[in-house]
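Notes for the structure review
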2 protein chains.
Amino acid sequence: MTQHPAPDSGAPSLDQARRQIARYGLPADPQAVLVAARLMAAGARLGQAGEVHFGRFGLSTGRYRLLADLEDHGGEKSPSQLAASLGVSRATVTGLVDGLEREGLVARRPSTEDGRGNVVILTARGADKLRDLAPEHFARMQALVGGLSVEERATFLDLLARVVAGIDALTAD
Amino acid sequence: MTQHPAPDSGAPSLDQARRQIARYGLPADPQAVLVAARLMAAGARLGQAGEVHFGRFGLSTGRYRLLADLEDHGGEKSPSQLAASLGVSRATVTGLVDGLEREGLVARRPSTEDGRGNVVILTARGADKLRDLAPEHFARMQALVGGLSVEERATFLDLLARVVAGIDALTAD
DNA sequence: AGCATCTGATTAGGCGCCATAGTACTTCTC
DNA sequence: GAGAAGTACTATGGCGCCTAATCAGATGCT
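Residues numbered from 1 in each chain as written. Chains lettered and ligands numbered in written order. Predicted model: local features only at pLDDT ≥ 70, side-chain atom pairs only at ≥ 80, totals over all residues. Heavy atoms only, no water.

1. Some words on the protein's contact with DNA strand D
Taken together, the neighbourhood of DNA strand D is formed by 22 residues, with S60 and S89 of chain A together with S80, R108 and N118 of chain B sitting nearest. Backbone atoms, meaning sugar and phosphate, make up 73% of the atoms of DNA strand D lying within 4 Å of the protein. One of the side-chain N or O atoms of R63 of chain A is found 3.3 Å from a phosphate oxygen in DNA strand D. Between a phosphate oxygen of DNA strand D and a main-chain N or O atom of S89 of chain A, the distance comes to 2.8 Å. Across the surface near DNA strand D, the residue classes tally to five nonpolar, 11 polar and six charged. (Near = heavy atom within 4 Å. Polar contact = N/O pair within 3.5 Å; in protein donor to acceptor, adjacent residues only side chain to side chain. Nonpolar A, V, L, I, M, F, W, Y, C, P; charged D, E, K, R; others polar.)

2. Remarks on the relation of the copies chain A and chain B
Mapping chain A onto chain B calls for a rotation angle of 180 degrees and an axial translation of 0.0 Å; the resulting RMSD is 0.2 Å. When the rotation and shift are considered jointly, the pair of chain copies conforms to a two-fold rotation axis. Using C-alpha coordinates, one finds that chain A approaches the rotation axis most closely at G43 of chain A, a distance of 1.9 Å. Same-surface contact between copies: 96% of interface residues of chain A are shared with the interface of chain B. (Least-squares fit on C-alpha atoms with pLDDT ≥ 70 in both. Contact = heavy atoms within 4.5 Å.)

3. Side note on the side chain of Q16 of chain B
With respect to the helices and strands, Q16 of chain B occurs in helix α1 (residues 14-23). Among the polar contacts listed, one links the side chain of Q16 of chain B to the side chain of D72 of chain A, at a separation of 3.5 Å. Residues in contact with Q16 of chain B, not counting those within four places in the same chain, are D69 and D72 of chain A. (Helix = DSSP H or I, 4+ residues; strand = E, 2+ residues; numbered from the N terminus.)

4. So, the interface of chain A and chain B
Many authors give the size of an interface as the accessible area that is lost as the parts come together. Each partner contributes to the interface: chain A provides 79 residues, whereas chain B provides 77 residues. Taken together, the two surfaces of chain A and chain B that pack against each other cover about 7,200 Å², and 66% of this comes from carbon and sulfur. At the junction of chain A and chain B, the tally comes to 10 salt bridges. On the surface where chain A and chain B come into contact, there are 22 residue pairs in polar contact (both at pLDDT 80 or more). Mapped by element, the contributors of at least two residues to the side of chain A that touches chain B are α1 (14-23), α2 (30-55), α3 (61-71), α4 (79-86), α6 (124-144) and α7 (150-171) of chain A. For the side of chain A that touches chain B, the residue count by class is 46 nonpolar, 16 polar and 17 charged. (Buried area = accessible area lost by both parts, 1.4 Å probe. Salt bridge = Lys/Arg side-chain N within 4 Å of Asp/Glu carboxyl O.)

5. Some details on the nonpolar core
Among the nonpolar cores identified, the biggest contains 99 residues, and L66 and F156 of chain A together with L66 and F156 of chain B are the most heavily contacted of them. When residues of this core are assigned to domains, at least three fall in each of domain 1 (13-54) and domain 2 (56-171) of chain A. With residues near it in sequence (within four places) discarded, L66 of chain B still touches L82, L86, V93, L96, V97 and L100 of chain B. (Core = buried A, V, L, I, M, F, W, Y, C linked by side-chain atoms within 4.5 Å. Buried < 20%, exposed > 50% of the residue type's maximum accessible area, 1.4 Å probe, protein only. Domains from an automatic or database assignment.)

6. Quick notes on the domain arrangement of chain A
Residues and elements named next belong to chain A. Considered domain by domain, chain A is made up of domain 1 (13-54) and domain 2 (56-171). Centre-to-centre separation of domain 1 and domain 2, based on C-alpha positions: 28 Å. Between domain 1 and domain 2, the buried area comes to about 840 Å², and carbon and sulfur atoms account for 64% of it. Its largest share of buried area at the contact with domain 2, domain 1 owes to E51, H53 and F54, together 74% of the area lost on that side. Joining domain 1 to domain 2, the criterion identifies eight residue pairs in polar contact (both at pLDDT 80 or more). Looking at side-chain class alone, the side of domain 1 that touches domain 2 contains five nonpolar, two polar and one charged residues.

7. Some details on the environment of S78 of chain A
All names here are of chain A. For S78, the location among the structural elements is in the loop between β1 (76-77) and α4. S78 sits in the buried class, given a relative accessible area of 19%. Sequence spacing of S78 and D132 is 54 residues, and the spatial spacing of their C-alpha atoms is 25 Å. Among all residues touching S78, those that are not within four sequence positions of it are N118 and V119.

8. As for helix α5 (residues 90-102) of chain A
Residues and elements named next belong to chain A. An ideal rise of 1.5 Å per residue puts 18 Å on 13 residues; α5 measures up with 18 Å between its terminal C-alpha atoms. Where α5 is concerned, the buried positions are V93, L96, V97, G99 and L100. All buried residues of α5 fall inside an arc of 160 degrees around its axis, so they share one side. Relative to its buried face, α5 has exposed residues pointing more than 90 degrees away, namely A91 and R102. If you follow the buried residues of α5, they end up packed against α3, α4, β2 (106-110) and β3 (118-122). Where α5 ends, the next residue or the one after it, G104, has phi of about 75 degrees, a positive value. (Expected span 1.5 Å × (residues − 1). Arc of directions from axis to C-beta.)

9. Overview of the sheet that holds β1 of chain A
Residue and element names in this part refer to chain A. Strand order in the open sheet made by the three strands is β1-β3-β2, with antiparallel pairing throughout. Taken across any chain shown, the strands that pair with only one partner, and hence form the sheet edges, are β1 and β2. As judged from the two bridges shared by β1 and β3, these two strands associate in the antiparallel manner. Paired with K77 across the bridge in β3 is V120. The strands that α3 touches are β1, β2 and β3; relative to β3, the one it contacts most, it runs at about 90 degrees. (Pairing = 2+ DSSP bridges. Axes fitted to C-alpha atoms, helices over the stretch in contact; angles between N-to-C directions.)

Structure (structure tokens):
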């Protein structure tokens, strides 16, 4: 087995935030910085956990998202459309489709409308895969937020959306 | 006409969640699943944004975290300790230190206490780097959660912590 | 028709995160 | 002193994502 990281490794403390801010005499609010840092740490942990979760089914986060998006659109979509709805580049979609095609979960067919285009279709095996993993997948997804009540989840959803809107602040300019 | 032309790529909708659950007649709560899915999408976006943010200073998320952790411990720490407090493997720390050492932000010294061990130290250049990026870094971190009031941030912090506790549910077993 | 251009998809290469497995070496313990 | 355990590094590999360059079909303009 691998060594399991210490209990709460990676999660910064309020004191750490305070110290860092104080060190340079900055006008930042420690609480705000703490929330932001915790959020980023949580995001990282979540990303890794997601990879583990999907790895259980022989998939990855990106591959699952592509598969699910395909299923949600009648099992047929062009790479460009996939790139747009997944929010990644077309090159990334090519890579994801390559992997999924290798495992027979998806197939490429020439587009009937556009000679240079493709259509990615969900194969029977791909649909089976989604059906098989669905019970466990959704149960675990639900368990992830199981520590919150319905009202709390609604609140969380709202706050999260507003934070997501603030992501631009990290990237802007 | 339909309401969502889907400009917000990557963020799943409640309808999608409902459809996916209904498709297999599962007992999952769409709202819970939606919150979980949004959370994971947010985590992914945050991770990328963080990489962009730190890239601005010629760093990456992992490298910054290592540097900051070092600074917070008097500028000296062993790779094993770093691995533990960052929550990554020792091999990963080796890689991060390699990169930072190449840029002169950090240096390796043989441990005086343990002949087989190293100590990673923060160089003057490394300390300068941290000081230089601090104002912008903290300002942006604060801006990230700027859309929330102080009370909301406190609430968010609490809810986030409880969700983080639920991450194990994704990985467990 | 002929040529420029736009668009779809892919390739090549890069960087990021991380993990495992194996090796070398030191230290500690019996 | 011999073996166990710990430290660190190397090598390899996976995944995610990106940009830039390329090829091929579609379209538009004259």
